[in-house]
Amino acid sequence: MKKIVVLFVSMLVLATTASAGNDKPIQVSQLPQTAQQFIKKYFGDRKVAFAKEESDFRKSYEIAFKNGDKIEFDRKGEWTDIDCKYSACLLYTSDAADE
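Conventions we followed
- Residues numbered from 1 in each chain as written.
- Predicted model: local features only at pLDDT ≥ 70, side-chain atom pairs only at ≥ 80, totals over all residues.
- Heavy atoms only, no water.
- Phe/Tyr/Trp six-rings, centres within 6.5 Å; stacked < 30°, edge-to-face > 60°.
- Helix = DSSP H or I, 4+ residues; strand = E, 2+ residues; numbered from the N terminus.
- Buried < 20%, exposed > 50% of the residue type's maximum accessible area, 1.4 Å probe, protein only.
- Core = buried A, V, L, I, M, F, W, Y, C linked by side-chain atoms within 4.5 Å.
- Contact = heavy atoms within 4.5 Å.
- Pairing = 2+ DSSP bridges.
- Axes fitted to C-alpha atoms, helices over the stretch in contact; angles between N-to-C directions.

Enquirer: I would appreciate a short explanation of the packing of aromatic side chains in the present structure.
Expert: Two aromatic rings, taken as a pair, are described by how far apart their centres are and by the angle between their planes. The tally for this structure, following the rule as stated, stands at five aromatic pairs. Ring centres of phenylalanine 38 and tyrosine 42 lie 4.9 Å apart, and the angle between their planes is 50 degrees; this geometry places the pair in the tilted category. Taken as a pair, phenylalanine 38 and tyrosine 42 lie in helix 2 (residues 33-43) at a separation of four residues, close to a single helical turn. The exposure class of phenylalanine 38 is buried, given its relative accessible area of 12%. Overall, the relative accessible area of 26% leaves tyrosine 42 in the partly exposed class. On the basis of an interplanar angle of 80 degrees and a centroid distance of 5.9 Å, the ring pair of phenylalanine 38 and phenylalanine 73 is categorised as edge-to-face. Here the residue phenylalanine 38 occupies a position in helix 2, and phenylalanine 73 occupies one in strand 4 (residues 70-73), the gap between them amounting to 35 residues. Among the residues examined, phenylalanine 73 registers a relative accessible area of 1% and is labelled buried.

Enquirer: What am I meant to see in the nonpolar core here?
Expert: The nonpolar side chains of a soluble globular protein tend to be buried, and buried together. In this structure, Ile26, Leu31, Ala35, Phe38, Ile39, Phe43, Ala51, Tyr61, Ile63, Phe65, Ile71 and Phe73 together form the largest nonpolar core, which totals 12 residues. Every element with two or more residues in this core is listed here: helix 2, strand 3 (59-65) and strand 4. Take this core: its biggest share by element is four residues, from helix 2. Setting aside residues no more than four positions away along its own chain, tyrosine 61 makes contact with Ile26, Leu31, Pro32, Lys52, Glu53, Ile71, Glu72, Phe73, Asp74 and Arg75.

Enquirer: When you look at the sheet that holds strand 3 in this model, what are you seeing that I'm missing?
Expert: Within a sheet, adjacent strands bond to each other through the backbone by hydrogen bonds, running parallel or antiparallel. Within the open sheet, the five strands sit side by side as 1-2-3-4-5. Their pairing is antiparallel. Bordering the open sheet on either side are strand 1 (23-25) and strand 5 (79-83), each of which pairs with just one other strand. Pairwise comparison of adjacent strand axes, ignoring direction, gives a mean angle of 20 degrees for this sheet. Summarising the sheet, strand 4 and strand 5 pair through four bridges and their orientation is antiparallel. Paired with phenylalanine 73 across the bridge in strand 5 is tryptophan 79.

Printed below as a string of structure tokens:
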């Protein structure tokens, strides 16, 4: 019984680590349209260092800019995390703030 549990745990760990490397570089034009529009609207003045598609358990996207800022998007192109290292990231969450 112990051997079966150890074998099962080993297989689970192996499957998890094998799927962890499913990142592939992509072009910004390959992002969902929603993500592309968000980048143009709020980060249009920044240069993209890299973009990648992550396919671990759910598809997601990560964009890194040359100044160190990063944005993560879900599979639909909605942002999930924004990390601004050396600059201010001020975003309005509704269009009412523009009025």
